Amino acid sequence: MPEGHTIHRLAQDYAERFQGTAPRVTSPQGKFSDAADLLNGALLTGTEAHGKHLFLRFRDTDWVHIHLGLFGKVGFGPTPAPPPTDTVRLRLANDTAYVDLRGPTTCALITDDEKRAIHDRLGPDPLRADADPGAAHRRISRSRTTIAALLMDQKIIAGVGNVYRAEVLFRHRIDPYREGRDITPAQWSAIWADLVALMREGVRNNRIDTVRPEHTPEAMGRPPRVDDHGGEVYVYRRATLPCHICGTEIRTAGLAARNLFWCPTCQQP
Ligand SMILES: [Zn+2]
């Protein structure tokens, strides 16, 4: 499942190539054909992301709502576009570029009101200018659920996935099993500010890096991480490897249906 920075990056990539143009809109797979016919040749006027939800605006108030889910993929390319395969749910194409969307959980044409309802059920997104971190803390501070589970709950905070959750808790030396109500306002402010900075960098680089300058491979004289997710991290998928700071073996356990990673020495209950 992609994390929020990927979806914000996609919003930028769609905008860069298609905003202000009137792309041909098709659904080679057929599942989005009726809506594609309505949008074909209409001006694409904006793109937006909130957490893991992507929105493409056509005309004034026609929104395509996309959620990639576990298997959704987006691929951009220059024209001429190759003949689409029948797995392409949504293709946009203009004179210079095309983009194919495959396998999303959601690809639907929605109204302004329907879009607002989606925003209303999502927590604040560190990558959005309109985000209110206090709204997240009010819910966290009343909860006996672990902070690790709360950070993955899109109703409480939108866009944080398994990697950012593990890494931000490590960076703030917080045990993942600490209860939400034991996170102080100061700790929450620091976590939020860190997520804003880390996730913005994730959008810029299109990958997740969370180690501080003194813990990069160059600074530490260690080999770079080998992982298909790329990026340098402290604990994510580093179970049994030594902590970059204290040397303790990184631990892993299942929580909220996903694997959790943490350093039992650096992170305090
Ligand atoms: Zn450690």
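Preceding block: the structure.
All figures in this text were calculated on a predicted structure; none of them were measured in a lab.

Asker: It is not clear to me how the coordination of the zinc ion should be interpreted in this structure. Could you clarify?
Answerer: When four donors bind a metal tetrahedrally, each ideal donor-metal-donor angle is 109.5 degrees, and when six bind octahedrally, the ideal angles are 90 or 180 degrees. Coordination of the zinc ion by the protein is provided by C243 (SG), C246 (SG), C263 (SG) and C266 (SG), with metal-donor distances spanning 2.3 to 2.4 Å. In this structure, the zinc ion is surrounded by four donor atoms whose angles at the metal cover 100 to 114°, and the resulting shape is tetrahedral. Donor residues binding the zinc ion come from one chain and are separated in sequence as C-x2-C-x16-C-x2-C. With a gap of 23 residues between them, C243 in the loop between helix 8 (217-220) and strand 9 (251-255) and C266 in the segment after strand 10 (258-262) connect regions that are remote in the sequence. The residues C243 and C266 share a single accessibility class, namely buried.

Asker: Please clarify how the layout of surface pockets should be interpreted in this entry.
Answerer: Gaps between atoms show up when a probe of the same size as a water molecule is rolled over them. Reported here for the largest pocket is a volume of approximately 670 Å³. Residue lining of the largest pocket: 27 residues in total, with M1, P2, E3, T6 and H229 positioned closest to the centre. At the level of secondary structure, the elements contributing two or more residues to the lining of the largest pocket comprise helix 1 (4-18), strand 5 (73-78) and helix 6 (162-171). If you tally residues by element for the lining of the largest pocket, the top one is helix 1, at five residues. In terms of residue class, the lining of the largest pocket is built from nine nonpolar, eight polar and ten charged. Empty space within the second largest pocket amounts to approximately 160 Å³.

Asker: Help me out: how do you make sense of the side chain of T146 in this one?
Answerer: With respect to the helices, strands and loops of the structure, T146 is situated in the loop between helix 4 (133-140) and helix 5 (147-151). Those residues in contact with T146 that sit more than four places away from it in its chain are P176, Y177, R178, E179, G180 and L255.

Asker: What am I meant to see in the nonpolar core here?
Answerer: Grouped together as the largest cluster of nonpolar side chains are 41 residues, with contacts concentrated most on L151, I157, W188 and L195. Taken together, the elements giving at least two residues each to this core come down to helix 4, helix 5, helix 6, helix 7 (185-205) and strand 10. For this core, the leading source of residues is helix 7, giving eight residues. Residues within four places of I157 in sequence aside, it is in contact with G123, P124, P126, L150, L151, W188, W192 and L195. By size, the runner-up hydrophobic cluster in this structure holds 25 residues, among which are F32, F58, L90 and L92.

Asker: It is not clear to me how the packing of helix 6 against helix 7 should be interpreted in this structure. Could you clarify?
Answerer: Packed helices, taken two at a time, are described by their axes: the angle between them and the distance between them. The N-to-C vectors of helix 6 and helix 7 enclose an angle of 130°; their axes lie 10 Å apart at closest approach. One element, helix 6, and the other, helix 7, form an angle in the oblique class. Here helix 6 runs over helix 7; the crossing is right-handed. Residue-level inspection shows Y164, V168 and R171 of helix 6 in contact with helix 7, the latter providing I191, D194, L195, L198, M199 and G202. Tallied by class, the residues present in the contact of helix 6 with helix 7 amount to six nonpolar, one polar and two charged.

Asker: I would appreciate a short explanation of the packing of aromatic side chains in the present structure.
Answerer: The description of two aromatic rings rests on the distance between their centres and on the angle between their planes. Applying the stated criterion across every chain yields a total of seven aromatic pairs. Between Y14 and F18, the ring centres sit 6.5 Å apart and the planes meet at 45°, which makes this aromatic pair tilted. Within this pair, Y14 and its partner F18 are both found in helix 1, separated by four residues, close to a single helical turn. By the ring-pair criterion, three or more aromatic residues cluster together here, those being Y14, F18 and F76. Between R17 and the ring centre of F76, over which it is positioned, the NZ or CZ distance is 4.5 Å. Between K115 and the ring centre of W63, over which it is positioned, the NZ or CZ distance is 4.1 Å.

Analysis parameters
Residues numbered from 1 in each chain as written. Predicted model: local features only at pLDDT ≥ 70, side-chain atom pairs only at ≥ 80, totals over all residues. Heavy atoms only, no water. Donors = N, O, S within 2.8 Å, 3.2 Å for Na, K, Ca; no water. Tetrahedral: all angles 85-135°; square planar, octahedral: opposite > 155°, others 65-115°. Helix = DSSP H or I, 4+ residues; strand = E, 2+ residues; numbered from the N terminus. Buried < 20%, exposed > 50% of the residue type's maximum accessible area, 1.4 Å probe, protein only. 1 Å grid on protein atoms, 1.4 Å probe; cavity = no way out; pocket = protein on both sides within 12 Å on 5 of 7 lines; lining within 4 Å. Points joined across faces, edges and corners; volume = space filled by probe spheres on them. Nonpolar A, V, L, I, M, F, W, Y, C, P; charged D, E, K, R; others polar. Contact = heavy atoms within 4.5 Å. Core = buried A, V, L, I, M, F, W, Y, C linked by side-chain atoms within 4.5 Å. Axes fitted to C-alpha atoms, helices over the stretch in contact; angles between N-to-C directions. Parallel < 35°, antiparallel > 145°, perpendicular 65-115°, else oblique. Left-handed = near helix turned anticlockwise from the far one by under 90°. Phe/Tyr/Trp six-rings, centres within 6.5 Å; stacked < 30°, edge-to-face > 60°. Lys NZ or Arg CZ within 6 Å of the ring centre and 35° of its normal.

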